[in-house]
Amino acid sequence: MTTSASRSGGLAAGRAAARRRGRFKTRERAGLWFVLPALVVYMLFFGLPFLATLWLSFTDWGGVGWPDWTGVANYDRLARDGAMWHALGNNLIWVVLGTAIPVLVGLVLAVMLWSDARGSVAYRTVFFLPVILSPVVIGVIWGWIYNPLFGLLNTGLRGIGLGAWAIGWLGEPGTALYAVLVTAIWSYFGFCIVVLFAGLQKVDPELVDAARVDGAGPVQRFRSVIVPQIAPVLTMVTVYTVIGGFNAFDMVWVMTQGGPNNASEVIATYTYEVAFRGNEYGYGATLSMVMSVVALLAAWATMRLRARIA
Amino acid sequence: MTACRMALPGLVLLVATPAMAQDVTLRVWDSFTENSEGMDAIIAAFEAANPGIDVQRDVQSTEDMRAIIQTALNSGTGPDVFQYDTGPGFAGVLAGGGLLRPLDDLYASGSLDAVLPWTKERVTFDGKLWGIGNQIDFVTVYYNKDFFEENGIAVPQTYEEFTAACEALKGAGVVPIAFGNAAGWPAFHTFSAFANNMVPQDQLMAMIGGSQSWDDPAVTGAIQAAFVDLQANGCYNPSVNAVSYDDANALFMAGQAGMTLTGSWMINTFKDNPFETGFFFLPAPAGMTTMPPAGLGGGYFISAATEHPDEAETFLKFLFDPGNAKLWVEGMSVIPSYSLEGTDAQMSPLLQEAVAALGGDAMGVNIDVLTPEAFNTTMLDGFQAVLGGERTAEEQATALQASVAQ
């Protein structure tokens, strides 16, 4: 009896589990239908181009006719391509300075604005204004500022007796990259401020007050109380900026086109030149893959580092 | 029923009439950004003469055109007719890829008999004619006649007089030669002007053809004179690599520079300068012949994928009909690729000079339109490096040859 009861109980449980599985499958299927449109769009505009680029990176293609399969020849060339390594080096400079400066400045300014600073809204608006401008417009305007013939910067330097410093900022190999980078930082740090300011809204003021009561100074409160509470937002902004640094293109292209003599070349402008000026679409695809892999690795490393510090 | 039968043909006519009268839309791309209104006028005249054809024109900068034309033609969304660079590195690539429609039959029909025969060479690849060369250009030195007169400077006949003119202008407190090489390609024209004058023409053509080396003392001399010596002597404005081509032209047009070296495509802009503008060909050093670089500014081509080949050919016949020379010359200050003898077109004095100059002495070649992309890239980066003091003239000559070998 007991045996039969347990058997029937087991059967019932089995049937219930089967029903649950069936319901789950039905729900799963329905869910699949819901995500299908987004999945199709994603595959069409990201998945397929990515796979096509990956395939092209193993070919030699001049843009017309059918690509010739060359195996790993492009990757072999990549290893010996001095111009690529130079561009990648510039990207590293861009990523380090172009991430550290706007994120740090943004963080400090966001905390200052969060601490009941007068005119907080006005300051946030002013700081955010460059973000809404097109990078092309910013590049053109800063190009005028740097112009050696009539630019504001050199005119100002001459005006205060520093005429010897008035140089062609975008035409000198030693200054071109940094001049563009200053422009990029100026146009971007407002974004960091606004995002970090939003993250600061979740910081518990009581914890900050408690730390103050316990004798913690402003730096200690900032480092040990505020920053840990906005760590996820800080990580997101940093990763986003790092990835953006490896994809830097528009500002460089508008202001220097990677010149003079490749001094401000970054991997994206080099890729563009190789693919569209040199008609080497296969090798251009290889460079694109490098750009993607390096950006992903850098983002992953940043997140790991952040997790370890936290 | 009878009424229906009677109405039916009328209905068919009503439906069919708009379809039959529907215009063919011809998509045309060109790079006439600076004299765009003149090209609009040419197209308006064409549409008026060909009521069944509607031209949809898109203007692309030369750089954009180079970046997108291949993709556009490949995808089948490109133009029916387009203006593009001639030469093996540009139109030759498209012809080799089967993206162009051959025009041998159009030439054979006699419709293009007026087109200058030498222009055909620049659009012939693998024995077939793929386009029609257009816009004869040359590289020259424009000068501010007022400055020259005020400072007692005669138009230079020798290279020594040219450098003396630089010194005189410098002494007068103006920039002797406006030069903006931020984009890199303006140096192509400077190099062409110097190389044609300092390298014997047959040797230069052999270098372009690949049978002689660019790593040659004559080439080094041309690079040295153009990008090292003139700069060291203060003949150019400061920070050449940081000044754009447009800003250099603006410097000249504003009367802040005495000369500028660029192409005849600037005639349309410089004719309106607030001072009297003239031009002279860069004189060759003693013992050499002055050979101003000249060639085609571009050419017209028909896409292999066009659905309207007849209309496209009609459009080209119109563009290259000497009867329409007035539209090119007056509206665009462009010298077409056929003789202007007998035309009643009113030309600006500067354009008259240009037309007369083309009928004169022997002309050299625009090097960059005849050389492959790798060579041009080495010119682009390398001349910036020479101007920036990062590379010597000799190293650049070696690099040019290395790019050919590559």
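Residues numbered from 1 in each chain as written. Chains lettered and ligands numbered in written order. Predicted model: local features only at pLDDT ≥ 70, side-chain atom pairs only at ≥ 80, totals over all residues.

Right, let's talk about the overall build of chain B for a bit. For chain B, the count of helices and strands is 18 helices and eleven strands. A globule of 406 residues ought to have a C-alpha radius of gyration of about 22 Å, and chain B, at 24 Å, matches this closely. Projected onto its principal axes, the C-alpha positions of chain B cover 95 × 50 × 35 Å. Expressed as a percentage of its 406 residues, the buried residues of chain B come to 48%. (Helix = DSSP H or I, 4+ residues; strand = E, 2+ residues; numbered from the N terminus. Rg over C-alpha atoms; globule rule 2.2 N^0.38 Å. Buried ≥ 20, exposed ≤ 12 C-beta atoms within 10 Å, placed from the backbone.)

Here the focus is the overall build of chain A. A tally of regular secondary structure across chain A gives 13 helices and two strands. For chain A, whose C-alpha radius of gyration is 27 Å, the value lies well above the compact-globule estimate of 19 Å for 310 residues. Overall, the C-alpha framework of chain A stretches about 105 × 70 × 30 Å when taken along its three principal axes. Every one of the 310 residues in chain A was classed for burial, and the buried ones make up 32%. Sequence-distant contacts in chain A: of pairs separated by 6 or more residues, those separated by 24 or more amount to 69%. (Contact = placed C-beta atoms within 7 Å.)

Take the nonpolar core next. In terms of nonpolar packing, the biggest core is built from 181 residues, with Ile177 and Phe191 of chain B touching the most fellow members. Element by element, the count of residues in this core is highest for helix α7 (residues 176-200) of chain A, at 13 residues. Every residue in contact with Ile177 of chain B, bar those within four places of it in the chain, is listed here: Cys166, Cys235, Tyr236, Ala257, Met259, Thr260 and Leu261 of chain B. (Core = buried A, V, L, I, M, F, W, Y, C linked by C-beta atoms within 7 Å.)

Time to look at the interface of chain B and chain A. Counting from both sides, the interface comprises 25 residues of chain B and, opposite them, 22 residues of chain A. When contributions to the side of chain B that touches chain A are tallied by element, the ones reaching two or more residues are α3 (62-75), α12 (245-253) and α17 (373-387) of chain B. Counting residues per element, the side of chain B that touches chain A draws most heavily on α17 of chain B, at five residues. For the side of chain B that touches chain A, a count of residues per class yields ten nonpolar, eleven polar and four charged. (Nonpolar A, V, L, I, M, F, W, Y, C, P; charged D, E, K, R; others polar.)

To continue, consider the pairing of strand β9 (residues 277-280) of chain B. Residues and elements named next belong to chain B. Residues Thr277 and Phe279 point to one face of β9 and are all buried, whereas Gly278 and Phe280, pointing to the other face, are not buried. By the bridge criterion, four bridges tie strand β6 (residues 131-144) to β9 in an arrangement that is antiparallel. The residue bridging Asn144 from the neighbouring strand is Thr277, located in β9. (Pairing = 2+ DSSP bridges.)

All right, on to the domain arrangement of chain B then. Residue and element names in this part refer to chain B. Domain assignment breaks chain B into domain 1 (24-136 + 296-351) and domain 2 (137-294 + 360-405). For domain 1 and domain 2, the distance between their C-alpha centroids amounts to 29 Å. Of the residues lining the interface, 16 residues belong to domain 1; the matching set on domain 2 comes to 15 residues. Put simply, the parts of the chain that give the side of domain 1 that touches domain 2 at least two residues each are β6, β10 (293-302) and α16 (349-358). Looking at the side of domain 1 that touches domain 2 residue by residue, the class counts come to six nonpolar, eight polar and two charged. (Domains from an automatic or database assignment.)

This brings us to helix α9 (residues 186-198) of chain B. Here α9 of chain B contains 13 residues, and its C-alpha end-to-end distance of 19 Å stays within 8% of the 18 Å for a straight helix at 1.5 Å per residue. Here α9 of chain B lies mainly inside the structure; 13 of its 13 residues are buried. (Expected span 1.5 Å × (residues − 1).)

By a widespread convention, an interface's size corresponds to the accessible area lost as its parts come together. Each assigned domain of chain A is listed here: domain 1 (2-42) and domain 2 (82-309). Here the C-alpha centroids of domain 1 of chain A and domain 2 of chain A sit 50 Å apart.

Once that is clear, we can look at the confidence of the model for chain B. Residues and elements named next belong to chain B. Scored by pLDDT, chain B comes out at a mean of 89, with 94% of its residues at no less than 70. Counted against residues more than four places away or in other chains, residues 1-21, with its pLDDT under 50, gives zero contacts. Taken together, the chains of this predicted complex give a pTM of 0.80 and an interface ipTM of 0.75. (pLDDT = per-residue confidence, 0-100.)

The next thing to look at is helix α4 (residues 120-132) of chain A. The end-to-end C-alpha distance of α4 of chain A, which contains 13 residues, comes to 19 Å, matching closely the 18 Å that a straight helix rising 1.5 Å per residue would cover. Along its length, α4 of chain A reaches its greatest deviation from straightness, about 25 degrees, at Val126 of chain A, and the proline Pro130 of chain A lies no more than four positions downstream. (Bend = angle between axes of the 7 residues up to and from the residue.)

Next up on the list: the environment of Ile167 of chain A. Looking at where Ile167 of chain A falls in the secondary structure, it is placed in the loop between α6 (152-159) and α7. A tally of 19 C-beta atoms within 10 Å means that Ile167 of chain A is categorised as partly exposed. Sequence separation of Ile167 of chain A and Tyr146 of chain A is 21 residues, and the distance between their C-alpha atoms is 8.7 Å. Excluding its chain neighbours within four sequence positions, the residues that come into contact with Ile167 of chain A are Pro148, Glu172 and Thr175 of chain A together with Ser239 of chain B.

Residues and elements named next belong to chain A. Looking at the element boundaries, Met84 is found in helix α3 (residues 82-114). Taking the C-beta count within 10 Å as the criterion, Met84 has 21 such neighbours and is therefore assigned buried. Taking the C-alpha atoms as reference points, Met84 and Thr271, separated by 187 residues in sequence, lie 8.8 Å from one another. For Met84, the contacting residues outside a window of four places in its chain are Leu78, Tyr270 and Leu287.

In terms of backbone geometry, most residues other than glycine have negative phi values and most peptide bonds are trans. In this structure, the amide linkage connecting Gly259 of chain A to the following residue, Pro260 of chain A, adopts the cis form with an omega of -5 degrees. For Gln135 of chain B, which is not a glycine, the phi torsion comes out positive at approximately 65 degrees. Summarising the element assignment, Gln135 of chain B is placed in strand β6. For Gln135 of chain B, a count of 21 C-beta atoms within 10 Å gives the class buried. The backbone of Ser333 of chain B sits at a positive phi, close to 55 degrees, despite the residue not being glycine. Secondary-structure assignment places Ser333 of chain B in the loop between α15 (325-332) and α16. Judged by C-beta crowding, with 23 C-beta atoms within 10 Å, Ser333 of chain B ranks as buried.

Residue and element names in this part refer to chain B. In terms of burial, β6 is a largely internal element, 14 of the 14 residues being buried. As judged from the seven bridges shared by β6 and β10, these two strands associate in the antiparallel manner. By the bridge assignment for β10, Gly131 is matched with Phe301. Pairing of β6 with strand β8 (residues 257-263) involves five bridges; the strand directions are antiparallel. For Val141, the partnering residue across the bridge sits in β8 and is Leu261.

The description of two packed helices rests on the angle between their axes and on the distance between the axes. Residues and elements named next belong to chain A. Orientation of helix α8 (residues 205-213) relative to helix α9 (residues 218-229), taken along the N-to-C sense of each, is 145 degrees, at an axis distance of 10 Å. Between α8 and α9 lies a crossing of right-handed hand. For the pair α8 and α9, contact is made by Leu207, Val208, Ala211 and Arg212 and by Arg221, Val225 and Ile226, respectively. Residues belonging to the contact of α8 with α9 are distributed by class as follows: five nonpolar, no polar and two charged. (Axes fitted to C-alpha atoms, helices over the stretch in contact; angles between N-to-C directions. Left-handed = near helix turned anticlockwise from the far one by under 90°.)

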